[in-house]
Amino acid sequence: MVLTGCRVDATTRVDVADDGSGTVSVEVRLDQEAAARIPDLEDQLRVQDLRRTGWEVSGPDPVDDGGGVALTATKAFSSPDQMA
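This text gives an overview of the structure that appears in the document. For clarity, every value in this text was computed on a predicted model and none was experimentally measured. (Residues numbered from 1 in each chain as written. Predicted model: local features only at pLDDT ≥ 70, side-chain atom pairs only at ≥ 80, totals over all residues. Heavy atoms only, no water.)

## Some details on the overall build of the protein chain
Counting secondary structure elements, the protein chain contains three helices and four strands. Counting from the amino terminus, the protein chain carries its helices and strands in the arrangement β-β-α-α-α-β-β. In terms of overall dimensions, the protein chain is more spread out than a globule: its C-alpha atoms have a radius of gyration of 16 Å, far above the 12 Å expected for 84 residues. Looking at the 84 residues of the protein chain, the share that counts as buried comes to 24%. Restricting the contact set of the protein chain to residue pairs at least 6 apart, pairs at least 24 apart contribute 50%. Summed over all atoms, the accessible surface of the protein chain reaches about 6300 Å², with 49% contributed by carbon and sulfur. Counting 8 positive and 16 negative side-chain charges, the protein chain places the averaged centre of each group 5 Å from the other. (Helix = DSSP H or I, 4+ residues; strand = E, 2+ residues; numbered from the N terminus. Rg over C-alpha atoms; globule rule 2.2 N^0.38 Å. Buried < 20%, exposed > 50% of the residue type's maximum accessible area, 1.4 Å probe, protein only. Contact = heavy atoms within 4.5 Å. Areas by Shrake-Rupley, 256 points an atom, 1.4 Å probe, with all protein chains shown as cover. Lys, Arg positive; Asp, Glu negative; His and termini not counted. Charge placed at Lys NZ, Arg CZ, Asp CG, Glu CD.)

## Topic: the sheet that holds strand β4 (residues 69–77)
Across the sheet, which stays open at both edges, the four strands sit in the order β1-β2-β4-β3 with antiparallel pairing between neighbours. Only two strands of the sheet have a single partner each, and these edge strands are β1 (8–16) and β3 (56–62). Adjacent strand axes in the sheet meet at a mean angle of 15°, parallel and antiparallel pairs treated alike. Bridging between β1 and strand β2 (residues 22–30) involves nine bridges; their strand directions are antiparallel. Bridge pairing in β2 places T11 opposite E27. (Pairing = 2+ DSSP bridges. Axes fitted to C-alpha atoms, helices over the stretch in contact; angles between N-to-C directions.)

## Some remarks on the environment of G20
Residue position: G20 is located in the loop between β1 and β2. Residue classification places G20 among the buried residues on the basis of a relative accessible area of 7%. Counting along the chain gives 62 residues from G20 to Q82, while the straight-line C-alpha distance between them is 9.8 Å. Setting aside residues no more than four positions away along its own chain, G20 makes contact with F77, S78, S79 and P80.

This is the structure in structure tokens:
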């Protein structure tokens, strides 16, 4: 018997320039099995609130490592107090 499971990974990245500005990015990756469980993922995503508050959302896009997909949300900030 072979046991398998879906895998979803989320990564948050914060890049800050010398002047205190920068970007916050969140990437969510679904492996092939997880992506297959939601074949209409693009239609089911509800990202309007993110976009309305200044986030740029891309994906789901195929990833090169075996049939999974990735989604990314990125938002710029002009000073460190805007990171939150």
